[in-house]
Amino acid sequence: MTELFGPRAAQLAGLAAQTLGWRPAEFWNATPPDLALALKELAPAKGGLSRRELDSLLESERDG
């Protein structure tokens, strides 16, 4: 993996804040399964976000 953990984690923290209303402490205290479950609840009919969809959201957030 060529990406650094810090910048990617910061992007996910921002996504969680905007999408889920999580404060930083809530994000950092959550486990990856917690985050996946919370995101899945936003799109239950599709069964959650695919890796490609999550990457697309993160990229659009970074570019926008």
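First, a word on what this report is: a plain description of the structure on this page. Treat the numbers as computed from the prediction; the structure is a model and nothing was measured. (Residues numbered from 1 in each chain as written. Predicted model: local features only at pLDDT ≥ 70, side-chain atom pairs only at ≥ 80, totals over all residues. Heavy atoms only, no water.)

### A few points about the environment of Arg23
As for its position among the elements, Arg23 is in the loop between α1 (5-20) and α2 (24-29). Residues Arg23 and Ala13, spaced ten residues apart in sequence, show a C-alpha to C-alpha distance of 8.5 Å. (Helix = DSSP H or I, 4+ residues; strand = E, 2+ residues; numbered from the N terminus.)

### Some words on the pattern of salt bridges
A full pass over the atoms with the stated rule returns two salt bridges. Two residues, Asp55 and Arg8, come together in a salt bridge whose shortest N-O distance is 2.9 Å. A residue pair is termed long-range when its members are at least 10 positions apart, and Asp55 in helix α4 (residues 51-63) and Arg8 in helix α1 qualify at 47 residues. With a relative accessible area of 26%, Asp55 lands in the partly exposed category. Through salt bridges with shared partners, one network takes in Arg8, Arg51 and Asp55. (Salt bridge = Lys/Arg side-chain N within 4 Å of Asp/Glu carboxyl O. Buried < 20%, exposed > 50% of the residue type's maximum accessible area, 1.4 Å probe, protein only.)

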